[in-house]
Amino acid sequence: MSTVRLEPLLHRSRRERFRFRFPHDPKKGGRACRLGYFHKATSIAGPAGCLLCRHNPLRVRPIMAGLTETPIVEAADADNLDVLFKRTIPLTRTKTVEGKVSVRLDKKGEKGDGYRRLIVQCSLEGKWILHWGVTYIEEAGSEWDQPPPEMRPPGSVPIKDYAIETPLKKIASASAGEMLHELLIDVKPSLSISAIHFVLKDEERGAWYQYKGRDFKVPLLVWEDDEIVSGETGFSIWPGSFSQISNLLLKTDGSATKVDENEKNDAKKKVNLLEEYSEEFPIVQEETVQNRLTVCVKKSDKEDRNIVHFDTDIPGHVVVHWGVCRDENRNWEIPSPPHPVGTRVFRGKALQTLLQPKKNESGNWGEFPVDYDFSCLHFVLKLNEYNWLNDVGDDFYIPLLTESSMQAKTVLADQKELVFSTEEKILREVADAVAQASTTDVTMDQELETVSYTDDIISEIRSLVTDISAEKGNITKSKEAQENILQEIEKLAAEAYGIFRSSIPVYVEEPISDLELLKPPVQISSGTGTGFEILLQGFNWESHRTGKWYTELFAKAEEISAMGFTTIWLPPPTESVSPEGYMPKDLYNLNSRYGNIEELKSLVKKFHEVGVRVLGDVVLNHRCAHAQNSNGIWNVFGGRLAWDDHAIVSDDPHFQGRGNKSSGDIFHAAPNIDHSQEFVRTDIKEWLHWLREEIGYDGWRLDFVRGFWGGYVKDYLEASEPYFAVGEYWDSLSYTYGQMDYSQDGHRQRIIDWINATGGNASAFDVTTKGILHAALEKCEYWRLSDEKGKPPGVIGWWASRAVTFIENHDTGSTQGHWRFPSGKEMQGYAYILTHSGTPTVFYDHIISHYQHEIATLIALRNRNMLHCRSTVKIKKAERDVYAAEIDERVVMKIGPGYYEPEGPQNWSVAAEGYEYKIWEAA
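Residues numbered from 1 in each chain as written. Predicted model: local features only at pLDDT ≥ 70, side-chain atom pairs only at ≥ 80, totals over all residues. Heavy atoms only, no water.

(A) Structural context of the overall build of the chain. Broken down by element type, the chain carries 18 helices and 43 strands. Scored against the burial criterion, the 923 residues of the chain give a buried share of 55%. Considering only residue pairs separated by 6 or more positions, the chain has 69% of its internal contacts joining residues 24 or more positions apart. Just so you have it, the chain exposes about 40600 Å², and 50% of that area is on carbon and sulfur atoms. (Helix = DSSP H or I, 4+ residues; strand = E, 2+ residues; numbered from the N terminus. Buried < 20%, exposed > 50% of the residue type's maximum accessible area, 1.4 Å probe, protein only. Contact = heavy atoms within 4.5 Å. Areas by Shrake-Rupley, 256 points an atom, 1.4 Å probe, with all protein chains shown as cover.)

(B) Structural view of the sheet that holds strand β23 (residues 364–370). Strand order in the open sheet formed by eight strands is β9-β10-β5-β4-β16-β17-β23-β22, with antiparallel pairing between adjacent strands. Only two strands of the sheet have a single partner each, and these edge strands are β9 (169–172) and β22 (356–357). Bridging between β9 and strand β10 (residues 179–187) involves four bridges; their strand directions are antiparallel. Counted as the bridge partner of alanine 172 is methionine 179 from β10. (Pairing = 2+ DSSP bridges.)

(C) Representation of the side chain of arginine 623. Looking at where arginine 623 falls in the secondary structure, it is placed in the loop between β29 (613–618) and β30 (627–628). There is a polar contact of 2.7 Å between the side chain of arginine 623 and the backbone oxygen of lysine 585. (Polar contact = N/O pair within 3.5 Å; in protein donor to acceptor, adjacent residues only side chain to side chain.)

(D) Examining the sheet that holds strand β39 (residues 873–878) more closely. Strand order across the open sheet formed by five strands is β39-β40-β41-β43-β42, with antiparallel pairing between neighbours. If you trace the sheet from one side to the other, it starts and ends with β39 and β42 (908–914), each paired once. Averaged over all pairs of adjacent strands, the angle between strand axes in this sheet comes to 20°, irrespective of strand direction. Bridge count for strand β40 (residues 883–887) against strand β41 (residues 891–895) is five bridges, and the pairing is antiparallel. Bridging across to β41, alanine 885 finds its partner in methionine 893. The sheet contacts of helix α18 (residues 852–864) involve β41, β42 and β43 (917–922), and relative to β42 the element is tilted by about 150°. (Axes fitted to C-alpha atoms, helices over the stretch in contact; angles between N-to-C directions.)

(E) Spotlight on the pairing of strand β20 (residues 343–346). Alignment of β20 against strand β21 (residues 350–354), held across four bridges, turns out to be antiparallel. Its bridge partner lying in β21, threonine 343 is registered against threonine 353.

(F) Structural context of the pairing of β23. Most of β23 is tucked away: five of the seven residues are buried. In this structure, the hairpin formed by β22 and β23 is closed by a connection of six residues, where glutamate 361 is found at a positive phi of approximately 60°.

(G) Up close: the pattern of salt bridges. Summed over all chains, the structure comprises 35 salt bridges. Residues aspartate 311 and arginine 292 are paired through a salt bridge, measuring 2.7 Å at the closest nitrogen-oxygen approach. Of this pair, aspartate 311 sits in strand β17 (residues 305–312) while arginine 292 sits in strand β16 (residues 277–300); the two residues are 19 residues apart in sequence, bridging distant segments of the chain. Judged by relative accessible area, which is 27%, arginine 292 ranks as partly exposed. A salt bridge links aspartate 311 to lysine 358; the nearest nitrogen and oxygen atoms lie 2.9 Å apart. Highlighted residues: aspartate 311 in strand β17 and lysine 358 in the loop between β22 and β23, separated in sequence by 47 residues. Across this residue pair, the class does not change: aspartate 311 and lysine 358 are buried. (Salt bridge = Lys/Arg side-chain N within 4 Å of Asp/Glu carboxyl O.)

(H) Representation of the nonpolar core. If you look at the biggest cluster of nonpolar residues, it comprises 117 residues, and the most contacted ones within it are Leu691, Tyr830 and Ile895. Tallying contributions element by element places helix α12 (residues 678–695) first for this core, with seven residues. Setting aside anything within four residues of it in sequence, one finds leucine 691 in contact with Leu590, Val618, Gly696, Tyr697 and Trp700. Of all hydrophobic cores here, the second largest spans 31 residues; its members include Trp132, Met151, Leu183 and Phe198. (Core = buried A, V, L, I, M, F, W, Y, C linked by side-chain atoms within 4.5 Å.)

(I) Fine view of helix α15 (residues 767–778). Along its twelve residues, α15 runs 16 Å from first to last C-alpha, staying within 8% of the 16 Å computed at 1.5 Å per residue. α15 sits mainly inside the fold: eleven of its twelve residues count as buried. Regarding α15, the residues found buried are Val767, Thr768, Thr769, Lys770, Gly771, Ile772, Leu773, His774, Ala775, Ala776 and Leu777. In the core, the buried residues of α15 are packed alongside β35 (739–740), α14 (745–757), β36 (763–765), α16 (826–833) and β41. (Expected span 1.5 Å × (residues − 1).)

(J) The arrangement of the confidence of the model for the chain in detail. Per-residue confidence for the chain averages 77 on the pLDDT scale, and 69% of its residues sit at or above 70. Within the model, pLDDT remains below 50 along residues 408–427, and this stretch shows 27 contacts once partners closer than five positions in the same chain are excluded. For residues 499–510, every residue scores under 50 in pLDDT, and the model assigns this stretch 41 contacts once sequence neighbours within four places are set aside. (pLDDT = per-residue confidence, 0-100.)

(K) Seen up close, unusual backbone geometry. Look at the link from proline 337 to proline 338: it is a cis peptide, with omega at 5°. The backbone of arginine 347 shows a phi angle near 55°, a positive value even though the residue is not glycine. Here arginine 347 lies in the loop between β20 and β21. The class of arginine 347 is exposed, set by a relative accessible area of 71%. A positive phi angle, close to 60°, is found at glutamate 361, a residue other than glycine. If you trace the backbone, glutamate 361 turns up in the loop between β22 and β23.

(L) Region of the structure containing helix α10 (residues 549–562). Between its terminal C-alpha atoms α10 stretches 20 Å, which fits the 20 Å expected from 14 residues at 1.5 Å a residue. Largest kink in α10: about 50°, centred on lysine 556. Taken together, the buried positions of α10 are occupied by Trp549, Tyr550, Leu553, Ala557 and Ile560. On its buried face, α10 sits against β27 (535–537), β28 (567–569), α11 (597–609) and α17 (844–847). Of the residues trailing α10, glycine 564 is marked for its positive phi of about 110°. (Bend = angle between axes of the 7 residues up to and from the residue.)

(M) How the structure looks around the environment of serine 801. Mapped onto the fold, serine 801 is located in the loop between α15 and β37 (803–805). C-alpha of serine 801 to C-alpha of threonine 839: the two residues are 38 residues apart in sequence and 7.4 Å apart in space.

(N) Representation of the packing of aromatic side chains in the model. One pass over the structure, following the stated rule, counts 22 aromatic pairs. Aromatic pair phenylalanine 379 and phenylalanine 396: ring centres 5.1 Å apart, planes at 25°, arrangement stacked. Placement of the pair is phenylalanine 379 in strand β24 (residues 376–384) and phenylalanine 396 in strand β26 (residues 396–399), with a sequence separation of 17 residues. Considering the side-chain rings of tyrosine 550 and tyrosine 594, the 6.4 Å spacing of their centres and the 35° angle between planes classify their relative orientation as tilted. Of this pair, tyrosine 550 sits in helix α10 while tyrosine 594 is found in the loop between β28 and α11, placing the two residues 44 residues apart along the sequence. Accessibility classification places tyrosine 550 together with tyrosine 594 in one group, the buried group. Every member of this aromatic cluster is reached through a ring pair, and the members are Phe310, Trp322, Phe368, Phe379 and Phe396. The ring centre of tryptophan 643 lies 4.9 Å from the NZ or CZ of arginine 623, which sits over that ring. Looking at arginine 640, its charged tip hangs above the ring of tyrosine 588, at a distance of 3.9 Å from the centre. (Phe/Tyr/Trp six-rings, centres within 6.5 Å; stacked < 30°, edge-to-face > 60°. Lys NZ or Arg CZ within 6 Å of the ring centre and 35° of its normal.)

(O) Quick look at the environment of serine 814. Among the secondary structure elements, serine 814 is positioned in the loop between β37 and α16. Among the residues examined, serine 814 registers a relative accessible area of 11% and is labelled buried. With residues up to four places along the chain from it excluded, the contact list for serine 814 reads Asn540, Trp541, Glu542, Asn809, Arg820, Phe843 and Asp845. Of the polar contacts made by the side chain of serine 814, one reaches the backbone nitrogen of tryptophan 541; its length is 3.0 Å.

(P) Representation of the packing of α10 against α11 within the structure. As a packed pair, α10 and α11 sit with axes 9 Å apart at the nearest point and diverge in direction by 0°. Judged by the angle between their axes, α10 and α11 are roughly parallel. Contacts from Tyr550, Thr551, Leu553, Phe554, Ala557, Glu558 and Ile560 in α10 reach Glu599, Leu600, Ser602, Leu603, Lys606 and Phe607 in α11. Here the contact of α10 with α11 is composed, by residue class, of eight nonpolar, two polar and three charged. (Parallel < 35°, antiparallel > 145°, perpendicular 65-115°, else oblique. Nonpolar A, V, L, I, M, F, W, Y, C, P; charged D, E, K, R; others polar.)

Okay, here's the thing in structure tokens:
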């Protein structure tokens with residue numbers, strides 16, 4: 001996909017794509033109009049607008065991130081006076097590169113007749129690592145074991161106790177000019193080792209490479225009368241794809257499992273050593289390629305039209321999927337003919353034009369004539385059936401400007417003067433209502449329901465708009481035109497409400513006195529804990545590999561408790577199409593790749609014995625089916641919850657659901673569950689209650705909560721009564737010109753809105769804080785860690801008791817690495833979240849790393865000073881190279897390379913310090 005910035009695997013919802021945001025010029029303090037000019041800051045009711053686009057700053061479409069630093073509207077050159085607009089757009093796309101992996105088992109190895117040689121080769125470029133292990137015949141079908149020492153090639157590195165990683169070497173192949181990556185393994189034939197298993201990893205791209213979502217298996221033994229049959233499909237590879245969704249839904253064919261079944265059921269058959277084995281598999285690698293697209297708008301007196309010129313260096317077929325819009329209507333329209341060569345009408349709603357190849361074969365170009373009546377052109381690029389390039393989830397937007405069109409707008413503006421006057425009057429009333437509403441004090445932890453100011457405002461606007469025609473007098477409007485005005489004013493009201501919500505926090509948390517802290521902790525409301533929780537994510541993306549994760553954690557329970565953790569988050573427990581557990585199938589089957597149900601019960605009991613609460617990872621948004629319907633669609637569920645397609649939302653395009661439309665975003669890899677169905681909610685509540693009683697979970701980590709309304713979560717939490725619950729509400733932060741915006745109020749407000757929809761019964765991961773920490777530490781911009789009101793800029797600055805802070809998890813780090821924390825700066829991140837308000841979370845990989853001692857020191861400091869989720873944070877310094885804060889007048893911390901020492905009458909002593917961080921305690 002084309003993006004003009006990089007962000008973790010997140011997709012904007014339809015609602016978010018059409019939110020109106022105001023990019024700020026930090027030097028001018030203004031707001032950008034759709035032409036790229038900056039307006040002076042105005043009040044919500046102010047009449048200021050751009051003289052060129054005649055748009056009030058409240059209604060402008062933002063210039064999307066990723067534009068070049070040059071002005072959007074370039075001054076016309078002396079030799080090219082007809083150029084009205086020019087924009088060069090950087091594009092990031094993926095290019096498919098095909099290759100092959102060959103696996104061959106030869107009769108004779110280098111070590112002599114007693115050995116065979118396994119040769120693994122890959123024809124694609126990369127830094128390839130073979131991640132491999134063996135299985136023994138007496139443990140057929142179980143997890144990997146490490147190979148015997150004599151089988152390990154030089155350079156092999158053991159991975160825990162179950163695998164080996166060995167780099168492939170680059171060699172010249174027999175084909176001229178072709179390079180291969182190769183690994184030779186000498187195998188001593190034995191009737192004890194039944195097979196070698198492996199996956200390939202490209203360290204340069206962070207990509208994992210499997211066979212149909214499973215380990216690749218090289219058999220060393222063959223049962224009498226059996227045949228070794230290989231799969232028909234090859235591999236696919238893409239960054240971060242280890243065990244990813246695209247492979248997870250592939251049906252395992254019978255041939256791929258035949259050897260396993262024989263090993264399990266026919267062990268008494270005569271076993272022979274396999275003499276030779278050879279297979280070759282196609283692989284597909286996706287590489288990131290940088291391209292550009294230049295769009296130029298020219299005025300053509302000859303044709304009495306605008307000519308929009310496209311020029312790109314993308315090779316091959318490039319189709320522009322486009323439409324045009326008028327001033328008062330943002331809906332796409334099809335311009336009148338003639339259309340460019342190679343154009344077809346797409347479903348009566350848009351045009352698709354194939355760009356023409358350049359003569360020098362350096363890309364493609366095209367010219368699109370557009371009438372002066374249209375004010376803008378929208379488009380996306382289509383490279384093939386599955387590869388579309390857009391502007392960070394939105395359409396690319398090109399303004400169409402001419403002198404005649406601006407003169408026409410001026411005349412139209414004179415005719416509409418009274419309408420604008422009425423609009424300003426309405427906006428003033430909206431501003432007054434917002435100002436009055438903002439004086440209302442809201443205290444923490446009250447049982448509040450959000451008052452929807454939007455409905456009241458729109459209702460008031462409707463009553464005002466009914467008189468518009470009478471007020472205008474001599475201006476006659478059609479019903480359609482009046483409706484357009486009404487819709488526009490409603491959008492303005494909604495936008496005004498959004499500005500109000502983003503400018504002040506919904507909840508203001510008051511500090512708690514020492515006397516209150518000494519009282520016995522009480523449960524404030526369902527799912528929010530005591531406030532002193534310190535959470536450990538007790539797994540990573542690879543924890544399922546051993547098949548014994550519950551047993552491994554059992555042995556570490558006392559150590560985890562001794563480090564000071566109060567709560568541990570365990571991986572998804574259910575049977576799952578994906579081994580990691582995030583594609584659940586039978587919810588009541590708790591025999592997973594992490595262990596069986598009895599091992600899980602023992603683990604939970606053990607943690608309770610050492611004083612640690614346990615959260616279960618529950619996936620409620622989607623569920624994988626057990627069978628296909630008559631159309632071959634996987635939407636028939638089995639197990640104890642044998643739902644049909646009525647349990648699937650109707651707007652999920654892949655699974656033919658017959659339920660209602662989704663209340664959130666669609667997760668496309670599995671059927672999205674329709675939580676509006678009463679039978680679904682009843683079954684889920686019974687299941688959660690069963691998990692609480694049968695397993696002993698104390699609460700929940702809720703996966704992908706963007707997929708369904710928070711009100712359903714409220715229902716589930718009230719039914720299951722968890723001690724603590726936290727939702728994964730993860731969407732994109734705000735960027736302008738490819739740089740993270742200073743204000744992320746809109747982002748943290750969306751998270752708070754979800755928490756509020758749950759009735760305040762759940763917390764949410766503070767993705768806002770993580771994102772801002774990334775930018776602050778990566779670019780030495782520590783001034784980002786204070787918002788405009790001098791508070792922490794994440795969710796902890798507005799509703800700290802519901803913010804679960806973190807710097808890394810199984811998605812962002814581990815072997816997935818979708819959004820890694822800045823390397824080497826992890827302890828600065830922990831110094832921040834383990835001293836600040838909110839509920840801090842530590843990632844498992846970090847407590848088994850060299851950071852363990854430093855993290856344990858910070859946890860002890862937090863507990864010793866009784867810091868909690870509502871602790872008061874006073875920011876002392878937030879400058880380019882240093883951030884410092886005082887917490888509860890007990891702790892002072894600083895991060896960054898800059899200098900800071902605490903001042904004042906208190907006697908401060910250093911309690912912890914490390915690379916670019918330092919923490920003091922009050923004596």
